[in-house]
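# Observations on chain architecture
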Protein chains: 2
Amino acid sequence: MKKPTIKDVAKAAGVSAAAVSYALNGRTDKVSGETMERIMEVIESINYIPDFSARSLAKNQSKLIGIVIPQTESHKQLILENPFYSEIISGIEGKLREHGYHLLLSGVNQGESYLDLSVQRNLDGAILMGIYPEPFYDGFKKINIPIVLIDSYINDSYFKRIGIDDEYGGYLATRHLINQGHSNIGLITGAIRKDGVVEKRFLGYKRAMREANLFYNPDYVFEESMSYEHGLAAGKLIADKYPEITAIFATSDLVAFGTMRSLMSEGKRVPEDISVIGFDDISMSKMFIPPLTTIRQSITEKGAIAADSLIQMIQGRTELDEKEILLPLEVVERGTVKFKS
Amino acid sequence: MKKPTIKDVAKAAGVSAAAVSYALNGRTDKVSGETMERIMEVIESINYIPDFSARSLAKNQSKLIGIVIPQTESHKQLILENPFYSEIISGIEGKLREHGYHLLLSGVNQGESYLDLSVQRNLDGAILMGIYPEPFYDGFKKINIPIVLIDSYINDSYFKRIGIDDEYGGYLATRHLINQGHSNIGLITGAIRKDGVVEKRFLGYKRAMREANLFYNPDYVFEESMSYEHGLAAGKLIADKYPEITAIFATSDLVAFGTMRSLMSEGKRVPEDISVIGFDDISMSKMFIPPLTTIRQSITEKGAIAADSLIQMIQGRTELDEKEILLPLEVVERGTVKFKS
DNA sequence: TTGTATGCGTTATCAT
DNA sequence: ATGATAACGCATACAA
């Protein structure tokens, strides 16, 4: 049994295909209430479901949103190991579905190839998270598809940005440690790239130190990657070589987990011997033992807002909106930061 | 500048649209090497990219794979909070992309509505994880689309299943605790539904107890949901009312995290006072403090294999294959199980 | 080997 | 208000 088309509906309802199309799209101005009803009944009874491919072809809009996630270079896999991304996707998907859009999830092979996907699939828009090389962004502008950037500092009015004030977040975290009496504060972080979130958090760290008249020691900055493994390595280094450090700001919760683990392996107690504060407040952080003190941003909401913004852009009513939305930040005190005795 | 179509290519190459189509699909029998080259050159130069919507219409295949994830009932969001799902998706996406398929990620509103999506988008296949009501599965059979089930015990030869031997996993976990000298072993678990993974793990637990001639005490089974929160509640209950329990089998790592947390809040030490073993080995488990002893299944690989199987089904060469693939299981000893003193 | 013509399911234009 | 028909971009059966 083949699946019914609009023509089948038309035939069964004794109207033209055009009428059915009108009815489907709620054009009450083009179709009388009576026939409208009849058509709807037929649709129900023969269980007709419109074909999006055909619709996409005719209307040139796919109701499809792409979302691009950074990818580990070694693995060919999405870095969904970091719960941060899954949580944000969760937020995006919920909102999209609510508005009749679907979500195309994909990594990206080489630099350009994601563009191909956008064109192939006629994407109505896309959400990019993380940071990519320049030409990557340019491509999207060229094919003229609405884009929302999450956690990006690309300053181009073509894009709408959703993010947080990372500098302030870094400042908040560091100041919290300072307020607890710490002065030798280590920073464990991913690669500090120009205009990346990491750089901003790093800047916030420095500002807090400066404001408190504390000495900024570059040796206390452990920069490599936003991974559990780096946290592990840096934590060990600190335990071994820098016993004077009494507090650590890890620029993501995942890094903080690694840090705490190696710290404890080396015989340091958290927070008794050394305090640790993270960043993000992924859902796992409250589950950790001890529960992680961190900078909270509502990740899921971030995704939802990004989706909302994108839909607005697609529907062309973005004029009044600002080009950037910053979500609130707060330190959530749990069990890994302690007053320095 | 509109995006180039197959006709533009044809014109520029001085051939017909058909020739271009042949070239595109590698029909070397239909096109001479010479013109093939010329066409390819033009494609390169004007940067032509085929439209999948049109292709989907013409060929009736979309190169689109759907993946359905359970959804919390209260929230309208995907339960991507459980890293288990993100890891599996990661595995799926990587493999799909490798084969030229794209991934449509979606929750599901009511019972039937996912079917609509499959029809609307002309899905070439879908991967279902978790357990759904009967009619949900029937629908897929009716529209005749290849389906791979992950972690399901639906016994219907229409579907291909990828999973693990959950009964054996439960047995392994419990036996590990028994081998460490424990005899009062609690089970903290999600809802035990007929033919669900949870039931199987529960059965494995009972078998291990029986084999060891240990008394199976229904009071020691704490059944509710596969969530951190339930682990929390059950752990507290055990600490308060069942001091004789010296070991716990939590049927997922997330539950184990909750359990350990409340246990420790109540003053119990893990593993000194009470041992805990989990199930899944999500990436977070090795990061936990103490690192979680658990039953390992390679989650990402599970996703990859599911994707592989689905692609094979789609390409119609599934005859020789078995209808079920079971992945290996092993207990990975870390820091939460200790010999009973 | 190459080109022509037609269909895929839907929407939009233009009559009626 | 309703219907006939031409797009949309591509694949394919058939003719040349």
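Residues numbered from 1 in each chain as written. Chains lettered and ligands numbered in written order. Predicted model: local features only at pLDDT ≥ 70, side-chain atom pairs only at ≥ 80, totals over all residues. Heavy atoms only, no water.

### A short note on the interface of chain B and chain A
A common measure of how large an interface is: the accessible area buried when the components associate. The interface is formed by 54 residues belonging to chain B together with 54 residues belonging to chain A. Interface area, chain B with chain A, both sides summed: about 5000 Å², of which 60% is carbon and sulfur. At the junction of chain B with chain A, the criterion picks out zero salt bridges. Counting every contact that joins chain B to chain A gives 23 residue pairs in polar contact (both at pLDDT 80 or more). Mapped by element, the contributors of at least two residues to the side of chain B that touches chain A are α4 (52-59), α5 (83-98), β2 (102-106), α6 (113-120) and α11 (253-265) of chain B. By residue number, the principal contributor to the side of chain B that touches chain A is α5 of chain B, which donates eight residues. By residue class, the composition of the side of chain B that touches chain A is 26 nonpolar, 17 polar and 11 charged. (Contact = heavy atoms within 4.5 Å. Buried area = accessible area lost by both parts, 1.4 Å probe. Salt bridge = Lys/Arg side-chain N within 4 Å of Asp/Glu carboxyl O. Polar contact = N/O pair within 3.5 Å; in protein donor to acceptor, adjacent residues only side chain to side chain. Helix = DSSP H or I, 4+ residues; strand = E, 2+ residues; numbered from the N terminus. Nonpolar A, V, L, I, M, F, W, Y, C, P; charged D, E, K, R; others polar.)

### Re the packing of helix α5 (residues 83-98) of chain A against helix α13 (residues 299-314) of chain A
Residue and element names in this part refer to chain A. Viewed as axis vectors pointing N to C, α5 and α13 meet at an angle of 40°, and their least axial separation amounts to 7 Å. Judged by the angle between their axes, α5 and α13 are oblique. At the point where α5 passes α13, the crossing takes the right-handed sense. Contacts between α5 and α13 involve Phe 84, Glu 87, Ile 88, Gly 91, Ile 92, Lys 95 and Leu 96 on the former and, on the latter, Ile 299, Thr 300, Lys 302, Gly 303, Ala 304, Ala 307, Asp 308 and Ile 311. Residue composition of the contact of α5 with α13, grouped by class: eight nonpolar, three polar and four charged. (Axes fitted to C-alpha atoms, helices over the stretch in contact; angles between N-to-C directions. Parallel < 35°, antiparallel > 145°, perpendicular 65-115°, else oblique. Left-handed = near helix turned anticlockwise from the far one by under 90°.)

### Description of the protein's contact with DNA strand D
Within the structure, DNA strand D sits among 30 residues, and Asp 29 and Ser 32 of chain A together with Ile 6, Tyr 48 and Arg 55 of chain B are positioned closest to it. The separation between a phosphate oxygen of DNA strand D and a polar main-chain atom of Ser 32 of chain A is 2.8 Å. The side chain of Ser 21 of chain B places a nitrogen or oxygen atom 3.0 Å from a phosphate oxygen of DNA strand D. No other element matches α4 of chain B, which puts five residues into the surface near DNA strand D. (Near = heavy atom within 4 Å.)

### So, helix α3 (residues 33-46) of chain B
Residue and element names in this part refer to chain B. The terminal C-alpha atoms of α3 lie 20 Å apart, and with 14 residues this matches the ideal 20 Å at 1.5 Å per residue to within 8%. Turning to α3, its buried residues are Thr 35, Met 36, Ile 39, Val 42 and Ile 43. Along α3, the residues classed as buried sweep out an arc of 130° about the axis, all on the same side. Seen from the buried face of α3, the exposed residues on the opposite side, beyond 90 degrees, are Gly 33, Glu 34, Glu 37, Glu 41, Glu 44 and Ser 45. Where α3 is buried, its residues contact α1 (6-13) and α2 (17-24). (Expected span 1.5 Å × (residues − 1). Buried < 20%, exposed > 50% of the residue type's maximum accessible area, 1.4 Å probe, protein only. Arc of directions from axis to C-beta.)

### Description of the relation of the copies chain B and chain A
What connects the two chain copies is a rotation about an axis and a shift along it. Laying chain B over chain A is done by rotating through 180° and shifting 0.0 Å along the axis; what remains is an RMSD of 0.1 Å. Both copies of the chain, as the preceding transformation shows, are related through a two-fold rotation axis. Looking at chain B, 100% of its interface residues are interface residues in chain A too, so the copies touch through the same face. (Least-squares fit on C-alpha atoms with pLDDT ≥ 70 in both.)

### Overview of the domain arrangement of chain A
Looking at the assigned domains, one finds that chain A contains domain 1 (6-50), domain 2 (64-164 + 300-326) and domain 3 (166-297). A C-alpha centroid distance of 61 Å is found between domain 1 of chain A and domain 3 of chain A. (Domains from an automatic or database assignment.)

### Details of the sheet that holds strand β1 (residues 64-68) of chain A
Two pairing modes exist for strands in a sheet, parallel and antiparallel, and in both the strands are linked by backbone hydrogen bonds. With mixed pairing, 12 strands are arranged side by side in an open sheet as β11(A)-β5(A)-β4(A)-β3(A)-β1(A)-β2(A)-β2(B)-β1(B)-β3(B)-β4(B)-β5(B)-β11(B). Bordering the open sheet on either side are β11 (324-327) of chain A together with β11 (324-327) of chain B, each of which pairs with just one other strand. Between one strand axis and the next, the sheet turns by 20° as a mean value, whatever way the strands run. Together, β2 (102-106) of chain A together with β1 (64-68) and β2 of chain B form the strand contacts of α6 of chain B, whose direction differs from that of β2 of chain B by roughly 155°. (Pairing = 2+ DSSP bridges.)

### Some points on the UniProt feature "domain: HTH lacI-type" (unreviewed entry) in chain A
UniProt tags residues 4-59 of chain A as "domain: HTH lacI-type" (unreviewed entry). The straight-line gap between the two end C-alpha atoms of residues 4-59 of chain A is 20 Å; of that span, 68% is helix and 0% is strand. (UniProt positions renumbered as here; feature names shortened; annotations may be inferred.)

### Side note on the pairing of strand β7 (residues 221-224) of chain B
Residues and elements named next belong to chain B. Examined bridge by bridge, strand β6 (residues 185-190) and β7 share four bridges and lie parallel to one another. Bridging across to β7, Leu 187 finds its partner in Val 221. Note on the crossover from β6 through helix α9 (residues 197-211) to β7: the handedness is right-handed. (Right-handed = clockwise from strand over helix to strand, strands pointing away.)

### Looking at empty space enclosed by the protein
Considering all chains together, one arrives at four cavities of 30 Å³ or more under this definition. What the largest cavity holds in volume is close to 120 Å³. What lines the largest cavity is a set of 13 residues, and nearest its centre among them are Ser 53 and Arg 121 of chain A together with Ser 53, Leu 64 and Arg 121 of chain B. At the level of elements, α4 (52-59) of chain A together with α4 of chain B are the ones that each hand at least two residues to the lining of the largest cavity. By residue class, the composition of the lining of the largest cavity is four nonpolar, seven polar and two charged. (1 Å grid on protein atoms, 1.4 Å probe; cavity = no way out; pocket = protein on both sides within 12 Å on 5 of 7 lines; lining within 4 Å. Points joined across faces, edges and corners; volume = space filled by probe spheres on them.)

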